[in-house]
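# Coordinates in review
So you can see what is in the structure, the chains are spelled out below.
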Amino acid sequence: MSAAQLIIACLLVPAVGAAGIALAGRWPNLRETVTLSTAALLFASVLGLLPKVLAGGVPQLFVLEMLPGIALGFRVEALGMLFALVASGLWIVNSVYSIGYMRGNDEPQQTRFYVCFALALAATMGIAFSANLLTLFLFYEILTLVTWPLVTHHGDEEARKGGRLYLGFLLGTSIVLLLPAIIATWALAGTLEFTPGGILRDKASGPVIGGLLALYMFGIGKAALMPFHRWLPAAMVAPTPVSALLHAVAVVKAGVFTVVKVIVYVFGVDTLAGIRAADWLPAVAGFTIVAASIVALRSDNLKRRLAYSTVSQLSYVVLAAALLTPLSVIGATLHIATHAVGKITLFFAAGAIYTAAHKTEVSQLDGIGRRMPWTMGAFAVGALSMIGLPPAAGFISKWYLLAAAVELGHWTALGVVAASTLLNAAYFAPIVYRAFLRPPPAGAAAHGEAPLPMVLALTATAALTLVLFFQPDVALALARAVAGG
Amino acid sequence: MIAEHLPALVVVVPLAAAPLIVLLRSAALGWALAFAASLFAFGASLALAAEVARAGVISYHLGSWPPPWGIEYRIDALSAFLLVLVSAIGAVVAPYAWRSIAAELPREQHYLYHAVFCLCLAGLLGMTATGDAFNVFVFMEIASLAMYVLIALGRDRRALLASFQYLILGTIGATFYVVGVGLLYLVTGTLNIADMAERLAHDGGTRPVLAALAFITVGLSLKLALFPLHLWLPNAYAYAPSAVTAFLAATATKVSVYVLLRFYFTVFGAGLVLETLPVPEILIGLSIAAIVSASLVALWQADLKRMFAYSSVAQIGYITLGIGLATRDGLTAAVVHLFNHGITKGALFLLIGGIALRAGGAGFERLRGLGRAMPLTSLGITLAGLSLIGVPGTAGFISKWTLVLGAIEAGYWWLAALVVLTSLIAVAYVWRFVEAAYLQAPDARTPPAGEAPFSMLAPSWLLVGACFWFGFDTSFTVESARRAAALMLGGAP
């Protein structure tokens, strides 16, 4: 297939799959078969584009002109390639997991769940491959809207509140901050195409560029930069597969992906470094990293702790991108992938614990590792990756971030990373300790592992976390291409 | 042969259909005639728009009397665009009315409804097509009288009061307008708009001309429901029959905006309106007041129809805001939003008509769990609501984009901020519906499961589809609006 056909396939396969899932709604086994085959087909389509991108090609697809001079179009470059690979690859694993989780917990409205999931993946592909800011914004908003039914899945008062926060923060920031930023960029630069080196060089004065950067950074609410992070813990009312793939991978990574994309291809790293318009950004990101870690430390609810850990880890990407050196951009790009595999493992484990043992709080987990050794083993691997220790993938991206900070002599960034590493250890190590070394409470209900599909899925992602440490070549090649050689 | 007379036929055919329907006294035949007339008007408008895009302004001399003595029909980029909007909505509402009216009106009134609908359509099309200032008044009265009747047909007795309120305020508006035209006649000695513009170019800015400008502004502001002259609108929209609300919301205020644009930029000229008097400042101020206050009031309504009626007042504020910017981009935004808001609100009110049919009203207490009971209607309202908010991929987004761009390019950063901030209020009130329909459990007041009839659902969804079509393909809307804006500013002396 030609590159353009592959791009169309990446967008249409999940969309058509969603329709198929809806039609097959009455026959659960058929419906799940449709989901799995859609996910496999999507991953194959994305993989088909990989050799072209690795060879230095930039597959493109122009659809139509939405506004005079602004197209709806797609262009696959290294960053989008990596994001699409991560999201579509993990969707397969997540679908296997979902089947176990949704059936194991006897969840209502399963057809709607799978339909929205497939649509969310279609939107994610649109974001990953968008050729310009308008196309990206279109799919960014679609992603918010199609994930709303997943957040409010249970339809109770808590879900309603969570849904309001989710929509309020994500739509609010994107409409009030991001959209004006995009329109102002169009007014200043006369183009919205993502261009290596940026499109704003010499188009505006330093303060205007700085203001625009602030609009973008806070406007991209999905990146959960403080103070616009509250939607992410609120979204945890959703079933765990949603938290795992969407609120640890697709939606939040769409946020930091957009951040990197805007810094590298709209402003241009050199433009920002030259006028020092981004000097404030490491401080905000650093604050988010540390503050979110402290909140995580104090949360007893496991999913809430993981959510704040995500808020913190997302700002690693923002921090790395804001350092504006090739090494740090490599770190930012890699972290999109390495955090994804680690965090999805952690959420999978949390969901498995809930399904098998109906436990949601950290303080209830004494001795659970003996009953669920696979789950808690995978959890330990994920935690290792969050802390950033070898042999887990998180080490690699953190390494590049640290290297960039040392190269620049940026002591704030170094201090933040060091503090965060300690904090990560402080809130993940006790969970592993409790699970394996404390005795289970007396009179606890006997239970084993969660259903097999869930165990398979979390083992797979844990393995992936380790594989990515030993074999980071593809990710590294793509990250180097983003950094410009 | 026929093609050459289209500028007149587009008005005359619906106008002639009205007495014919009355003579036939049959609901079915009346409906068929009204539908046929509105389809013809739509086809004729499309043909005229194509001709204008190809060959420029069309000037048609009624009865072959040359202007300025005879009445001239003049179709340019702006009026052709409006003709397409009005006739398209007419052609969508006419088939919808068959079942909707049958449910809401006693049988003996059906043929009268169809006749009056044709009169209203003819009046609105006439206001748009004519190139004669007094003829505008004549058609305005035809359209308005028809509207008073249509609103009064509502089955709720409060519809009578709403219609009466509108009658009083509408008549005051029309009187102001005709006084303004009279003053202009005094100065120029002509009623032909093009001729008037030519003469005013030489002696504009005199006191009677300024007085005329003031009278016409106030008169039309009443008609187009510019804050604070919007008081007739919420009741009129809320109590009129469903089909009437959809038709009026999508067309009536829009045509009044058109007449205002015509007078501002063709007759008086941008120079006089924008520089001699503080018209832009006043328009911007009132628009902001309209947007903020009406959006907030909409948020607290207990009835879906009333909520979207107040939303209309706010949306008209966005249109007049674009006019107040007084730049090419601002005018483009205003004209684009005329169209995009027309189809969005048309879709919403048509779908609400379906709810009214099944549930006997559209109060929020009847909407609990509606997503299960009427899935297609609920989804349609949600999707059209997204267009109202201005989510990308919808027509409303195109409007917002052009308006914010216009504000930024004119240097009004704070106005751009205001536009995006107030669209958050739209998020809030649209989401009230979404939460009620999808996240609340149905109770005894929720209608039993079942959709509105196909003849109502299909036209509604046609407009919902249009909300998305014009969110991606803007070659017709934005291009036409840009041409119209260029014409308005370029045509100024």
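Residues numbered from 1 in each chain as written. Chains lettered and ligands numbered in written order. Predicted model: local features only at pLDDT ≥ 70, side-chain atom pairs only at ≥ 80, totals over all residues. Heavy atoms only, no water.

Secondary structure assignment for chain A yields 19 helices and two strands. Summarising its shape, the C-alpha atoms of chain A cover approximately 70 × 55 × 45 Å along the three principal directions. Residue burial in chain A is summarised as follows: out of 485 residues, 64% are buried. For chain A, contacts bridging at least 24 residues in sequence account for 81% of all contacts bridging at least 6. Per element, the accessible surface of chain A, about 15,500 Å² overall, is 67% carbon and sulfur. (Helix = DSSP H or I, 4+ residues; strand = E, 2+ residues; numbered from the N terminus. Buried < 20%, exposed > 50% of the residue type's maximum accessible area, 1.4 Å probe, protein only. Contact = heavy atoms within 4.5 Å. Areas by Shrake-Rupley, 256 points an atom, 1.4 Å probe, with all protein chains shown as cover.)

Below, the discussion takes up the interface of chain B and chain A. With 31 residues of chain B in contact, the opposing surface of chain A contributes 31 residues. Interface area for chain B against chain A, summed over the two sides, is near 2,700 Å², with a carbon-plus-sulfur share of 80%. Interface area lost by chain B to chain A is led by W401, L439 and F472 of chain B, which between them contribute 28%. Where chain B packs against chain A, one counts one salt bridge. Salt-bridge contacts for R164 of chain A lead to E435 of chain B; the nearest nitrogen and oxygen are separated by 2.7 Å. One can count three residue pairs in polar contact (both at pLDDT 80 or more) joining chain B with chain A. When residues in the side of chain B that touches chain A are grouped by element, the largest group, 10 residues, is from helix 18 (residues 413-439) of chain B. Residues belonging to the side of chain B that touches chain A are distributed by class as follows: 20 nonpolar, five polar and six charged. (Buried area = accessible area lost by both parts, 1.4 Å probe. Salt bridge = Lys/Arg side-chain N within 4 Å of Asp/Glu carboxyl O. Polar contact = N/O pair within 3.5 Å; in protein donor to acceptor, adjacent residues only side chain to side chain. Nonpolar A, V, L, I, M, F, W, Y, C, P; charged D, E, K, R; others polar.)

Residue and element names in this part refer to chain A. Considering the arrangement of structural elements, one finds F139 in helix 5 (residues 133-151). Note on F139: relative accessible area 14%, which makes it buried. Spatially, the C-alpha atoms of F139 and P440 are 47 Å apart, while their sequence positions differ by 301 residues. When neighbours within four sequence positions are excluded, F139 is seen to be in contact with L72, F74, A123, G126 and I127.

Before going further, it helps to examine the pattern of salt bridges. Following the criterion strictly, the structure yields 17 salt bridges over all chains and no others. Residue R31 of chain A pairs with E32 of chain A through a salt bridge whose shortest N-O separation is 2.8 Å. Since its relative accessible area comes to 4%, E32 of chain A is described here as buried. The partner of E365 of chain B in a salt bridge is R366 of chain B, and the shortest N-O contact between them spans 3.7 Å. Judged by its relative accessible area of 30%, E365 of chain B is partly exposed. Here the salt bridges do not stand alone but share partners, grouping R31, E32 and R103 of chain A into one network.

A few words now on helix 3 (residues 78-104) of chain A. Residues and elements named next belong to chain A. Here helix 3 is 27 residues long and its end C-alpha atoms lie 38 Å apart, about the 39 Å a rise of 1.5 Å per residue gives. A large share of helix 3 lies buried, amounting to 23 of its 27 residues. The opening residue of helix 3, the one whose side-chain oxygen lies 3.2 Å from the backbone nitrogen of L79, is E77. (Expected span 1.5 Å × (residues − 1).)

What follows deals with the side chain of T128 of chain B. Residue and element names in this part refer to chain B. Here T128 lies in helix 4 (residues 110-129). The exposure class of T128 is buried, given its relative accessible area of 0%. Excluding its chain neighbours within four sequence positions, the residues that come into contact with T128 are R74, S79, L82, L83, V255 and Y258.

This part covers the confidence of the model for chain A. Mean pLDDT over chain A: 89, with 100% of residues reaching 70 or higher. Mean pLDDT values for the elements of chain A range from 84 in helix 10 (residues 269-275) of chain A up to 93 in helix 5 of chain A. (pLDDT = per-residue confidence, 0-100.)

Residue and element names in this part refer to chain A. Positionally, P59 belongs in the loop between helix 2 (28-54) and strand 1 (60-67). Given a relative accessible area of 7%, P59 falls into the buried group. In the structure, P59 is positioned 70 residues away from F129 in sequence and 9.5 Å away in space, judged by C-alpha atoms. The residues touching P59, leaving out its near neighbours within four places in the chain, are A3, I7, L49, K52, V53, F74, R75 and V76.

What follows covers the pairing of strand 1 of chain A. All names here are of chain A. One ladder, built from six bridges, connects strand 1 with strand 2 (residues 70-75); its direction is antiparallel. Its bridge partner lying in strand 2, L67 is registered against I70. Connecting the antiparallel pair strand 1 and strand 2 is a turn made up of two residues, with G69 showing a positive phi of about 90 degrees. (Pairing = 2+ DSSP bridges.)

Okay, the nonpolar core next. For soluble globular proteins, the rule of thumb is that nonpolar side chains tend to be buried together. Core analysis: the biggest nonpolar cluster contains 396 residues, and Y216 of chain A together with Y113, Y177, F268, L304 and W401 of chain B have the highest contact counts within it. When residues in this core are grouped by element, the largest group, 20 residues, is from helix 9 (residues 240-267) of chain A. Among residues more than four places away in sequence, those in contact with Y113 of chain B are V93, A97, I101, L105, L150, L153, A243 and V244 of chain B. (Core = buried A, V, L, I, M, F, W, Y, C linked by side-chain atoms within 4.5 Å.)

It is worth spelling out a nonpolar patch on the surface at this point. Residue and element names in this part refer to chain B. On the surface, a cluster of nonpolar side chains totalling about 400 Å² of accessible area is made up of L20, L23, L24 and L29. Among the elements that line the nonpolar patch, the one with the most residues is helix 1 (residues 6-24), at three residues. Structurally, L24 can be placed in helix 1. Residue classification places L24 among the partly exposed residues on the basis of a relative accessible area of 41%. (Patch = residues over 30% accessible without salt bridge, like charges linked within 9 Å, V, L, I, M, F, W, Y side chains within 5 Å.)

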